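Observations on the three-dimensional arrangement
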Amino acid sequence: MQNSELILNPNGSVYHLNLKPKDIAHDIIFVGDPDRVEKITSRFDSIEFSTQKREFKTQTGTYKGKRLTVISTGIGADNIDIVLNELDALVNIDLGTRTIKNKLTTLNIIRIGTSGAIQADIPVNSFVLSKIGLGLDNMLRSYQNNAVTITDIENAFINHTNWNNQKGRPYAVSCSEKLEKQFESSIFHKGITATAGGFYGPQGRVLRLAIEDTNLNTKMNTFNHNGIKITNLEMETTAIYGLSALLGHHAISLNAIIANRANGTFSNNPEVTIEKLIDYVLDKINIQ
């Protein structure tokens, strides 16, 4: 592939993440906020590598004998497009020749996120495991995606919401069954996580601008596909699921619920909830 397609820094690292293959583990935790990286790695036994470029902060170290990497992705599906493609390039493309390797490597991606619930019975300070992602952001439609998307959920959602096709077709993708079995427990609500293309209008918030569908959140709240409801709304999960599935990686998204849109409530101590989720993930990730 040409230099313009896979851009490398002068030191041979991938362009945005500033990483070389040796810098990452095969078990990777995603967070959005760069400041949250060290909230996780402060629990590590040791840290062997650290770098930051723009919003992409990476630290790799060892937790109870297991090598782990923590990366901040920043906000939004567009950033996920950068992070996952560059991580895949680190393990599955020979950066010296810019050719795809004959033997491909599978990564395990675990997102620790924050989110707002849209169901009244999912309270703040609870946790959601995203069994399915429903992308409203349109990012995955730039790729040939039919092998991993769930058409019947997409069609049902489009019909239920009377979706405006000028916004692009929503896409649905499942989490990794392997990681779902590893991380699931009674502490989690499970369902569909909707991934929006923005924080304000795309999530039904109105400040000064009128939005295209003032009833979209209510429609999402009442959507039910074979007993599975939309539990929460955020900005990254479905992009992670879609690209991971296409590239052959495992992915799971676990969210601390710090707001409830149906009730209009917000956690009075979100950091405590996030810390509990971090501890849970680190304990579970170490049993692989």
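First, a word on scope: everything that follows refers to the structure included in this document. Residue numbers restart at each chain and count upward from 1, following the sequence in its written direction. Owing to the predicted nature of the model, reporting of local features is limited to residues with pLDDT of at least 70; listing and counting of side-chain atom pairs is limited to 80 or more, with chain, interface and lining totals taken over all residues. Note that water and hydrogens are dropped before the side-chain values are worked out from all heavy atoms of the structure.

So, the overall build of the chain
A helix here means a DSSP run of H or I that spans at least four residues, while a strand means a run of E at least two residues long, and both kinds are numbered starting from the N terminus. Looking only at helices and strands, one finds 7 helices and 14 strands in the chain. Radius of gyration here is computed from C-alpha atoms only, and the compact-globule reference equals 2.2 Å multiplied by the residue count raised to the power 0.38. A compact globule built from 288 residues would reach a C-alpha radius of gyration of about 19 Å, and the chain, at 19 Å, matches this within 12%. Each principal axis of the C-alpha atoms in the chain carries an extent, and together these give about 50 × 40 × 40 Å. Only heavy atoms enter the contact rule, under which two residues are in contact if any of them lie within 4.5 Å. Contacts in the chain between residues at least 24 apart in sequence constitute 76% of all its contacts with a sequence separation of at least 6. When the accessible surface of the chain is totalled, it reaches about 12,900 Å², and 48% of it is carbon and sulfur. Note on areas: Shrake-Rupley, 1.4 Å probe, and residue coverage restricted to the protein chains presented here.

As for helix 7 (residues 270-285)
Side chains three or four residues apart in an α-helix point the same way, a direct result of the helix having 3.6 residues per turn. Helices are assigned an expected span. That span is 1.5 Å times one less than the residue count. Its 16 residues place the ends of helix 7 22 Å apart at the C-alpha level, agreeing with the 22 Å of an ideal helix rising 1.5 Å per residue. For the exposure calls, accessible area comes from a 1.4 Å probe over protein chains only, and a residue counts as buried if that area is under 20% of its type's maximum, exposed if over 50%, partly exposed in between. Residues of helix 7 that are buried: T273, I274, L277, I278, Y280, V281, L282 and I285.

Quick look at the environment of N9
For N9, the location among the structural elements is in the segment before strand 1 (27-31). Its relative accessible area of 12% is what places N9 among the buried residues. Polar contacts, as counted here, are pairs of nitrogen or oxygen atoms within 3.5 Å of one another; within protein the pair requires one atom able to donate a hydrogen and one able to accept it, and residues that are adjacent in sequence qualify only if both atoms are side-chain atoms. Of the polar contacts made by the side chain of N9, one reaches the backbone oxygen of V14; its length is 3.0 Å.

With respect to the packing of helix 1 (residues 34-41) against helix 7
The axes used here are C-alpha line fits, helices contributing only the stretch in contact, and every angle between their N-to-C directions lies in the interval 0 to 180 degrees. Between helix 1 and helix 7, the least distance of the axes is 10 Å, while the angle of their chain directions is 55°. Put simply, helix 1 runs oblique to helix 7. Note that helix 1 runs across helix 7; the crossing there is right-handed. Contact residues: helix 1 offers R36, K39 and I40, while helix 7 offers E271, I274, E275, I278 and L282. Classification convention: Asp, Glu, Lys, Arg as charged; Ala, Val, Leu, Ile, Met, Phe, Trp, Tyr, Cys, Pro as nonpolar; all other residues, Gly among them, as polar. Classifying every residue of the contact of helix 1 with helix 7 gives 4 nonpolar, no polar and 4 charged. For classification purposes, an angle smaller than 35 degrees is called roughly parallel, one larger than 145 roughly antiparallel, one from 65 to 115 roughly perpendicular, and anything else oblique. Left-handed describes a crossing whose near helix is turned anticlockwise from the far helix through less than a right angle; right-handed describes the clockwise counterpart.

What to know about the nonpolar core
Here, the term nonpolar core denotes a set of buried Ala, Val, Leu, Ile, Met, Phe, Trp, Tyr and Cys residues that are joined through side-chain atoms within 4.5 Å. Counting residues in each nonpolar core, the largest one holds 58 residues, and the members touching the most others are L19, I29, I40, L87, I252 and L254. When residues in this core are grouped by element, the largest group, 8 residues, is from helix 2 (residues 77-92). In this structure, I158, A194, A196 and M220 belong to the second largest nonpolar core, which totals 18 residues.

Section: the pattern of salt bridges
Here a salt bridge means any side-chain nitrogen of Lys or Arg lying within 4 Å of a carboxyl oxygen belonging to Asp or Glu. Throughout the structure, instances matching the rule amount to 17 salt bridges. For E48, the salt bridge is made with R67, and the minimal N-O distance between the two is 2.7 Å. Pair noted here: E48 is in strand 2 (residues 46-53) and R67 is in strand 4 (residues 66-72), with a separation of 19 residues, a long-range link. Residue classification places E48 among the partly exposed positions, given a relative accessible area of 47%. What makes R67 partly exposed here is its relative accessible area of 31%. In this structure, E180 engages K131 in a salt bridge whose closest nitrogen and oxygen atoms are separated by 3.0 Å. Of this pair, E180 sits in helix 4 (residues 177-183) while K131 is found in strand 8 (residues 127-135), placing the two residues 49 residues apart along the sequence. A relative accessible area of 8% places E180 in the buried class. What emerges from the salt-bridge pattern is a single network uniting K131, E180, E184 and K190.

Overview of unusual backbone geometry
Residues other than glycine seldom take positive phi values, yet R54 does so here, at roughly 55°. Within the secondary structure layout, R54 lies in the loop between strand 2 and strand 3 (56-63). Look at N125: it is not a glycine, yet its phi comes out positive at around 75°. With respect to the helices and strands, the residue N125 is situated in the loop between strand 7 (108-117) and strand 8. With a relative accessible area of 34%, N125 lands in the partly exposed category.

Quick notes on the layout of surface pockets
One number sums up the size of the largest pocket: a volume of about 440 Å³. Cavity means a closed set of points on a 1 Å grid over the protein atoms alone, one where a 1.4 Å probe fits but cannot get out, pocket means an open set with protein on both sides within 12 Å along at least 5 of 7 lines, and lining means a residue has an atom within 4 Å of a point. As for the largest pocket, its lining consists of 20 residues, of which T114, S115, F199, E234 and I258 are closest to the centre. The set of elements that each furnish at least two residues to the lining of the largest pocket consists of strand 7, strand 12 (228-234) and strand 13 (250-260). Looking at the lining of the largest pocket residue by residue, the classes come out as 7 nonpolar, 6 polar and 7 charged. Taken as a whole, the second largest pocket encloses approximately 310 Å³ of empty space. Taken together, 14 residues form the lining of the second largest pocket, with E5, L6, I7, N85 and E86 sitting closest to its centre. With 5 residues, the top contributor of residues to the lining of the second largest pocket is helix 2. Looking at the lining of the second largest pocket, its residues break down into 8 nonpolar, 3 polar and 3 charged. Grid points are joined across faces, edges and corners, and a volume is the space filled by probe spheres set on the points.

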